[in-house]
Structures are given as C-alpha cells and as structure tokens.
Amino acid sequence: MTAKTLSPVIDKEQIALLEQLSNACGILSDVGEVRKIVLEKIQPYCDSVKVDALGNILATRKAQQPGALRVMLAAHMDEVGFMVVESEEGGLFKLVTVGGIDVRYLPGKPVLVGKDHVPGVIGAKPIHLMKSDEMQTAMDLDGLRLDVGPDGGDKVKPGDHVYFATRFQQVGSSLVGKALDDRIGVVTLATLLQYAPANIELLAAFTTQEEIGLRGARVAAYGFDPDLAIVLDSTPAHDYPSYDGSENRYFNTRLDAGPAIYVADTGTISDPRLLQHLFRVAVENGIPYQIRQPGPGGTDAGSIHKQRSGIPSVSISVPGRYAHSPVMVSRLSDWRNSLTLVHTALTTLPQDILQRA
Amino acid sequence: MTDIKQFLNELLSLPGLSAYEGPAREHIASAWKPLVDEMQVSPIGSLHALKKGYGSEPRPRILLAAHMDAIGLMVTGVTDGFLSFTEIGGIDPRLLPGLRVTVHAKRDLPGVIVMPRDALLPERKSETPVEMKYLFIDLGLSAAETAELVQIGDLVSFTQEPMELPNDIITGHSLDNRVSVAAVTVCLEELHNVQHTWDVWAVATAQEEETLGGGFTAPFAIRPDLAVAIDVTIAKGPGASDWRTFPLGKGVSLGIGSNVHPGFFKAVKEVADKLDIPVHNELMPRGSGTDALAMQIVADGITTLVIGIPLRYMHTPVEMVAMKDIQRAGHLLASFIATLPVDFMQNLKWDD
C-alpha cells in the first residue's frame, strides 16, 4: 500500500482516468459503466467497498489513530443526458432530457445510445427549406429526433439513455469533455482514497442520481453516518465578456482562479466552521481559491446536510465553462489546487472542529 | 481499386472551405491520378482531370462537376481570448453551440463553439436562439496566446469525425458535397477499362457554396459538349417531407427544369431504367441550386444535367447519406458515358 505521507498529485495517470471516465456513459442510476471503472481503480486502496441499493459505491479507509473524525467525501458518478421515449419508423426516436440540459445545445450533435454506445445524430431541418423567420425560434424537443440511420432502429429502444458523443481532449492546460461534471470529482475522490490522510476515517461515496434529486447521496450519508461531509463537484464558470463590454457580474466562478468554495447555493448553506478551516488552510499554504457566487445551483451537500440529525457539510468544485453542454472546459490548475486544498484540509483537520462556536 | 468509403472518410476529415480547398483537392488528386490522363488546377482552385476517350480527334467532351468546397466559419474578432465569427456558406446559428471546431490560425487550434448565458446577453426572452454575432469560440488558451496565434479572417472548420451507421450509412459534416466527389470517383473507376468514345473531364469545383466560382470557370476552360452537376439533394427526414425531398438510400434524383436539357435528361433516364437504377424526378421550378446554374450559361451556353444524391440534415454537422446512392450515381454516370455515341450532340433534340 502507498505510503500515507505522500501528497497526491494530478498527473498523467489521473488525466488518463478522467479521459476514460468522461468518455464513459452514465445517467442517474444507470451508471454501471462508470461504477465498474471506479471499482477497479479504488479496490486496492480500500478497507471496505460496497455497492448499495441505489448503486452508490461506499468505500472506506480506516484512520491510523483512535477517535478519528469520520469524514464523508462525495462525488457523483451520474451525468446529464437524454432518454429515448418513443420509437418511430426508420430509426427515428423521440427524446426527453434528463437533468438540466439547455435544448439549444442539441441540434446538429452526434450522440451515443445505450450501453453499447450505438452511434446516432440529432439532426435539424436543412436551411434550404426554412422560411425567413424560422431561425428566430428555438428548436424544441418535440421537433427534434434521434436518428440512428434508416436500418439502425432495432439497436435502440425506448428506455435507453443517450449521451453527447464528445470524446475527451486535453488542449494545453485545458480539459474538454462531455462529463467533467462530475467525473473530475470522481477522479479527485479516487485519488484521495489512494492517498488517504491517516488522521481521519475516510468515507468515500461515489453517488448516483445527483443530477435529479440528490438521491444517491441521501442514502449514502445515512449509511455512513459521518461527523461531517465535503462534496467534490464541478460548477459553471461564466467568465467571458458581456456582449456590450460591460462588467460581467454574473460569472459564478472563473477558470484559473482556484477551487470554488460554496458558501450558499439553492440547497445548502455551508457549515461556517468547515468554511473557516478551508479558508485558513488555503491562505496558510498559498493555495489559490475562489468563493462561488452564492446563488442557484447545488450539490449532493443539499441532501447530505439534512440526513439523520444533521451533518455539517461544505462543497468544493472545480470550475468549468459550458457545464451541461457537449463541451465542458476545465483547467488543470484548478483541478490540482482542488485536490491539494481538500487533501491539506483533511490532514490538518482539527479534532475539535465541530466543538467550536 | 479505390476503397470509396475509406476515400470518403479521409476526405471528410480534411478542411477545404470555399476558396481554401487545398487539402481536399490534394487528396482528390491523389485518388484520381491513376484513373486519368492529365490534371490541372484552375486559377481559382478547381481540379480539372481529363480521362481521354477512345474516339478519333476531335472528340466530344463531357464534364462531370462535383464541388469539393465545404461550409464553415471565419473569425471576425478576438476579445479577451474569445473569438467571434461569421459563416462561410449558409449555416443555421442554432446548430453551433456545443460544436468542436478547428481554427486555422498560425497553427491549427482545436476549439469549441459556445453561447453566453442569457444574463450576459441583451435583454431577451430566455432560451431563444442566440444570434451568430453573440456566439463565440473558446480555444482553451490564455488571452495572450490566443491574440498571438489568431487573426481576423482565419478560417474555422468543423472537426467532428464522420460516423458509420448500420447498412453503410455515413454521417458527418461536409458530406455536401464530398459524397459527389466520391460518386465521380466511382465513375472514373468503372470507366477505367472501358473503351468510351468521349473525353471525360472530372472536375472537383471550388467555391460553389459562396459564388459558384468553379461552376462558371471549369466549363469555360474545358468547353464541354455536355456538363453534369453532381450534388446532394434533400433526403426525407425530420423537418423535411415535402415534394422537394427524396428517400434516403432509395436512389438518386435527376433534375427537371430550366437548367436541365430535356433531351439530355431523357437519355440518362433511359440508361437508369435499363439498368434498374432507381431515379426520382427532382422538380426545379426556378432553377437549380448547383453548379449547373452557372455551367449552363458559360460562353455560348452548355447542355447541362443535374444528378442529386439524397442527404439528410443538409448544412448541419451531422449530414447523412447512404453509400448505396453514391455508388448508384457513379454507376449511372459511367454507364451513360460508356454508351455515349460520337454523334450524340447531333441527335440531341429539344422536343420529342
């Protein structure tokens, strides 16, 4: 087993795992492909691993000291996508979205269907047949079809999940993929399991059903019954120019500005003791961080903090542009700093953190 | 033997926007080289290839024109590392958010097209389409790197790789009109050991999507007796079902209308019927949107025909075509040429 004093890093191995996981497909509880990859990766480092009734992976690393705090770390395995809901003639199917996808991203995109990744496309009416004002109206889901080719219909059926076909790519210091949200958190968590701090009981939950309902995390938190929880997720960065050059006040987060720490979102007000600890660790160790603009959105913390008699929780996300689109973009530096921040915060976690006022 | 599907897949992965057809042209030239007797590149970039006939000189000539240029985008501005752009060829901006592209800057740079959130756009109803002028390309590079590498006027190609669907259906970008280049290649292959009388000029035309530039200039240089535009036509599918559309994979179309000589049409139709190649009549009430429109009015006028290969989702990055229809178009052309009598023009009639 790896020496426990080593600090974890994001390197070729972690990027390769992210590539594999971002290209893998999994929606809500249908995450078997992702789970298999994660299980293979973490098995050697864990004291216990189980898959629960919702398909969550619950993995633990024991502390090396008695009376250690029980810390739950959560990252969700599911991504957003679509479900085939109706079959038509000639390889055409109707879809609905699963999770918060802006339908304006769909037309003209290649997709993959089901466990076998059957290729297909979401086409659109040729510009040559349009009336002059037609482009002023968004194409709605009712008018769009999954097309797997006139002779491909027997490989697809209602109930199958559909995913953007984007393959992961590293471009300089940028990472581009369809499912960085939240496979990037999944790799961070897998890496933390590998380099588990000796001073805490590490309770790792790779959750299902985050994108709708935060349902996997809810039962995972019940099962673990931790003292506190840190959620590792991915959050939108809208750090691009306004159309008229005015100050962009709606950026949420910015790339290359460090891990995004949540103070408040739709579902959670972060625990102030955990926040203070994170800020102090970041400042003392010179780890860049940013505070995610309080506002809409949420993470598994929304269901974890209300579990049992209450679990103090905080979320830390790697920022990424164009979340829930076929082409999310994150930066290596933010990912590295997220891992360093969480790992350092855990190794320096005060035993009495929850007794503080 | 050229593996047509492989040739097409390779061609689809090469850039070649209107007036910048170089990479596509070189690939076509290398496939055609063993099949023709001579080749020239025209002053505006079309590829003119001659396969000599076996009749005595002067031989009549037939020109087969398939445009090789692709639609794409062009950079119009660089702001804080983000690129704004306009279109080359007709593109619906609603297709663009979420696409991967290659920006042909000082070096080829991968990028993504995205739309800003509504809060950063002019007051608008939420989730209405974002106009092209507000979309941007993100290269994943710093603002400084981007400014150093990219300049206004740089071209942008779609990068999505083609995919194969069951039963030899191909989907991807730029199938319009690389599939017709493939059909002409099928024709040249078939004619390879055929003693045809006429000279055959295979031409991959330039700039069809913007100006019909190749369509105007190739016939002027070649002065053919007959000219055929091979292009894509709209296949039936979601959003396309009226009289202008044809079933995918169920045969090619022959144009009917002012840009098509009825005698030429009749002769080709007879060959198709004899060979049991399914053909559909494509009505062109106001004219053809292909190189034929230009070719017909070159010099003192040229006898033209239009062959269409049905294609779904035209001018989207996920155009779809059946290999079978490409083969049919090539086979029909080759069969017609193989039996073209030396006195075809003398016997060509306007009226029955």
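Parameters and conventions
- Residues numbered from 1 in each chain as written.
- Chains lettered and ligands numbered in written order.
- Predicted model: local features only at pLDDT ≥ 70, side-chain atom pairs only at ≥ 80, totals over all residues.
- Helix = DSSP H or I, 4+ residues; strand = E, 2+ residues; numbered from the N terminus.
- Rg over C-alpha atoms; globule rule 2.2 N^0.38 Å.
- Buried ≥ 20, exposed ≤ 12 C-beta atoms within 10 Å, placed from the backbone.
- Contact = placed C-beta atoms within 7 Å.
- Nonpolar A, V, L, I, M, F, W, Y, C, P; charged D, E, K, R; others polar.
- Domains from an automatic or database assignment.
- Pairing = 2+ DSSP bridges.
- Core = buried A, V, L, I, M, F, W, Y, C linked by C-beta atoms within 7 Å.
- Axes fitted to C-alpha atoms, helices over the stretch in contact; angles between N-to-C directions.
- Parallel < 35°, antiparallel > 145°, perpendicular 65-115°, else oblique.
- Left-handed = near helix turned anticlockwise from the far one by under 90°.
- Right-handed = clockwise from strand over helix to strand, strands pointing away.

Engineer: Is there a simple way to think about the overall build of chain A in this case?
Structural biologist: When helices and strands are counted, chain A shows seven helices and 17 strands. Rg of the C-alpha trace for chain A: 21 Å, near the compact-globule value of 21 Å for 357 residues, within the 12% margin. Seen through its principal axes, chain A has C-alpha atoms that stretch 70 × 50 × 40 Å. Looking at the 357 residues of chain A, the share that counts as buried comes to 55%. In chain A, the share of contacts with a sequence separation of at least 24, taken over all contacts with a separation of at least 6, comes to 76%.

Engineer: Sorry, what's going on with the overall build of chain B here?
Structural biologist: Scanning chain B from terminus to terminus reveals nine helices and 17 strands. On C-alpha atoms alone, chain B measures out to a radius of gyration of 21 Å, which is about the 20 Å that the 2.2 N^0.38 rule sets for 352 residues. Summarising its shape, the C-alpha atoms of chain B cover approximately 70 × 40 × 40 Å along the three principal directions. Burial statistics for chain B: of 352 residues in total, 56% are counted as buried.

Engineer: Got a minute to help me understand the interface of chain B and chain A in this structure?
Structural biologist: A common way to state how big an interface is: give the accessible area lost once the parts meet. Contacts between the two partners involve 53 residues from chain B and, on the opposite side, 47 residues from chain A. Of all elements in the fold, only strand 7 (108-114), strand 8 (136-138), strand 10 (163-165) and strand 11 (169-172) of chain B reach the threshold of two or more residues within the side of chain B that touches chain A. Broken down by element, the side of chain B that touches chain A gets its largest block of residues, three residues, from strand 7 of chain B. Tallied by class, the residues present in the side of chain B that touches chain A amount to 31 nonpolar, 13 polar and nine charged.

Engineer: Please clarify how the environment of V187 of chain A should be interpreted in this entry.
Structural biologist: All names here are of chain A. With respect to the helices, strands and loops of the structure, V187 is situated in helix 3 (residues 180-194). The spacing of V187 and L18 is 169 residues in sequence and 6.3 Å in space, taken between C-alpha atoms. In this structure, V187 is in contact with Q14, L17, L18 and L21, ignoring residues within four places of it in sequence.

Engineer: How should I be thinking about the domain arrangement of chain A in this particular structure?
Structural biologist: Residues and elements named next belong to chain A. What the domain assignment lists for chain A is domain 1 (12-79 + 178-355) and domain 2 (81-162). One C-alpha centre belongs to domain 1, the other to domain 2, and the line joining them spans 32 Å. Contacts between the two partners involve 11 residues from domain 1 and, on the opposite side, 12 residues from domain 2. A class-by-class count of the residues in the side of domain 1 that touches domain 2 yields five nonpolar, two polar and four charged.

Engineer: Got a minute to help me understand the sheet that holds strand 5 (residues 92-98) of chain A in this structure?
Structural biologist: The strands that make up a sheet are held in pairs by hydrogen bonds between backbone atoms, and each pair lies either parallel or antiparallel. All names here are of chain A. Spatial strand order, 4-5-8-7-6-9: six strands in a closed barrel with antiparallel pairing. Sheet analysis places strand 5 next to strand 8 (residues 146-147), joined by two bridges and oriented antiparallel. Along strand 8, the bridge assignment pairs L92 with D147.

Engineer: How should the nonpolar core be read in this particular structure?
Structural biologist: Generally speaking, soluble globular proteins have nonpolar side chains that are buried together. Counting 214 residues, the largest nonpolar core has A74 and L193 of chain A together with L64, A65 and A183 of chain B as the members making the most contacts within it. Here this core gets 10 residues from one element, more than from any other, and that element is helix 4 (residues 175-191) of chain B. The residues contacting A183 of chain B, other than those within four sequence positions of it, are A66, I230, I309, I326, A329 and G330 of chain B.

Engineer: Would you take a moment to explain the packing of helix 1 (residues 4-12) of chain B against helix 2 (residues 22-32) of chain B for this structure?
Structural biologist: To describe two helices that pack against each other, one gives the angle between their axes and the distance between the axes. Residue and element names in this part refer to chain B. Two numbers describe how helix 1 lies on helix 2: the axes approach to 9 Å, and their chain directions differ by 160 degrees. What the angle tells us is that helix 1 and helix 2 run roughly antiparallel. Where helix 1 crosses over helix 2, the handedness of that crossing is right-handed. Residue-level contacts link F7, E10 and L11 of helix 1 to A24, H27, I28 and A31 of helix 2. Residues of the contact of helix 1 with helix 2, tallied by class, amount to five nonpolar, one polar and one charged.

Engineer: Looking at this structure, I do not really get unusual backbone geometry. What am I missing?
Structural biologist: Phi is mostly negative for residues that are not glycine, and the peptide bonds are mostly trans. Here the residue pair D181 of chain A and D182 of chain A is connected by a cis peptide bond, since its omega of 10 degrees sits within 30 degrees of zero. Here D182 of chain A shows up in helix 3. With an omega of -5 degrees, the peptide bond running from E57 of chain B to P58 of chain B counts as cis. The backbone phi angle of H315 of chain B is positive, close to 65 degrees, even though this residue is not glycine.

Engineer: What should I look at first to understand the pairing of strand 14 (residues 252-257) of chain B in this one?
Structural biologist: Two faces make up the sheet, and in a regular strand the side chains alternate between them. Residue and element names in this part refer to chain B. Where strand 14 and strand 15 (residues 279-284) come together, six bridges link them in parallel fashion. Each residue of the ladder has a partner; that of G257, found in strand 15, is M284. Handedness of the crossover joining strand 14 and strand 15 through helix 6 (residues 262-275) is recorded here as right-handed. Two strands pair when backbone bridges link them, and strand 14 and strand 16 (residues 303-311) are joined in this way by two bridges, in the antiparallel orientation. Directly across from L254, in strand 16, lies its bridge partner I307.

Engineer: Where do I start with the pairing of strand 1 (residues 48-51) of chain A in this structure?
Structural biologist: All names here are of chain A. Where strand 1 meets strand 2 (residues 57-61), four bridges bridge the pair, whose relative direction is antiparallel. Residue pairing across strands places V51 opposite I57, the latter belonging to strand 2. Hairpin connection, strand 1 to strand 2: the antiparallel pair is bridged by five residues, and G55 has positive phi, about 90 degrees.

Engineer: Help me out: how do you make sense of the sheet that holds strand 7 of chain B in this one?
Structural biologist: Pairing is antiparallel around the closed barrel formed by six strands, whose spatial order is 4-5-8-7-6-9 (chain B). Along the sheet, successive strands turn relative to each other by an average axial angle of 45 degrees, direction set aside.

Engineer: Can you walk me through the environment of H192 of chain B in this structure?
Structural biologist: Residue and element names in this part refer to chain B. Along the chain, the position of H192 falls in the loop between helix 4 and strand 12 (199-205). The partly exposed category is assigned to H192, around which 13 C-beta atoms lie within 10 Å. In the structure, H192 is positioned 12 residues away from A204 in sequence and 18 Å away in space, judged by C-alpha atoms.

Engineer: Teacher, can you tell me more about the domain arrangement of chain B here?
Structural biologist: Residues and elements named next belong to chain B. Its domain assignment divides chain B into domain 1 (4-70 + 173-347) and domain 2 (72-158). Centre-to-centre separation of domain 1 and domain 2, based on C-alpha positions: 33 Å. Across the boundary between the two partners, domain 1 contributes 11 residues, which contact 12 residues of domain 2. Residues that form the side of domain 1 that touches domain 2 fall into these classes: five nonpolar, four polar and two charged.

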